[in-house]
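Here is how the chains run, residue by residue.
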Amino acid sequence: VIAAVLALLVVPTWALRAQSAPVRTLTLQQAIDEALTRNGDVRVAQSGVNVQRALAKGAVSLPRTELNYTHGQFNTPGVNDALFGVSQRVDFPTLYGAQARLAREQVRSSESAVVIARNTVTTQVRRAYLQLQYIEARQLVLTSQDSVFREVDRASRARLEAGEGTRLESVASATRALRVRNTLE
């Protein structure tokens, strides 16, 4: 049962349609590891880190250098002059430092998103796994109680038929047996 529910959490729906796939029993750590490798939120968050790292490389950039060439009469009439110009705009120096810090913080923020996504998936898988363990243990206890109470009910009916028991005892044991059986179903 644990493997089946965990399979629903970590296996894509197309794989569930393939009925020939065997059911695997996983430990809690195996289930967590598999969920972390297959979970879309974790993958998206990791891609976000890669994007932010790539963007951080170009976060600080100077504007393009401009080259100008002008030909014609400027200073002296009748003489064609050639004017070459180079200009480079440079912003205030603290702007570049602020851009670099912003890029670093955006990378850290995306790394934190990965940690949050991983922790969320881990918590969900752990909760589902432990809930399944609880359900299986409870089913085992109820199955055991069902067989015990059926036997008690059978014995109490036999005592009633033999004249050694009371009707109240028989009804009480039948009620307990039915209650356990209903809970089990």
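These notes cover the structure that comes with them. All values reported here derive from a predicted model rather than from experimental measurement.

## Some thoughts on the nonpolar core
Leu26, Ala31, Ile32, Ala35, Leu36, Val42, Ala45, Val49, Val114, Ala117, Val121 and Val125 together form the largest nonpolar core, which totals 12 residues. Elements with a contribution of two residues or more to this core: helix 3 (28–38), helix 4 (40–57) and helix 5 (93–162). Leaving out residues up to four positions away in the same chain, Leu36 has contacts with Val42, Arg118, Val121 and Thr122.

## Topic: the side chain of Ser110
Structurally, Ser110 can be placed in helix 5. Overall, the relative accessible area of 9% leaves Ser110 in the buried class. Residues within four places of Ser110 in sequence aside, it is in contact with Ala45, Gly48, Val49 and Gln52.

## Quick word on the packing of aromatic side chains
Counted under the stated rule, the structure contains 1 aromatic pair. Considering the side-chain rings of Tyr69 and Phe84, the 4.9 Å spacing of their centres and the 40° angle between planes classify their relative orientation as tilted. In this pair, Tyr69 is assigned in strand 1 (residues 66–72) and Phe84 in strand 2 (residues 81–87), connecting sequence segments 15 residues apart. Its relative accessible area of 65% is what places Phe84 among the exposed residues.

## A few points about the environment of Leu160
Among the secondary structure elements, Leu160 is positioned in helix 5. Residues Leu160 and Ser170 lie 10 residues apart in sequence; the distance between their C-alpha atoms is 6.9 Å. Setting aside residues up to four positions removed in sequence, Leu160 forms contacts with Gly165, Thr166, Arg167 and Ser170.

Criteria and thresholds
- Residues numbered from 1 in each chain as written.
- Predicted model: local features only at pLDDT ≥ 70, side-chain atom pairs only at ≥ 80, totals over all residues.
- Heavy atoms only, no water.
- Core = buried A, V, L, I, M, F, W, Y, C linked by side-chain atoms within 4.5 Å.
- Buried < 20%, exposed > 50% of the residue type's maximum accessible area, 1.4 Å probe, protein only.
- Helix = DSSP H or I, 4+ residues; strand = E, 2+ residues; numbered from the N terminus.
- Contact = heavy atoms within 4.5 Å.
- Phe/Tyr/Trp six-rings, centres within 6.5 Å; stacked < 30°, edge-to-face > 60°.

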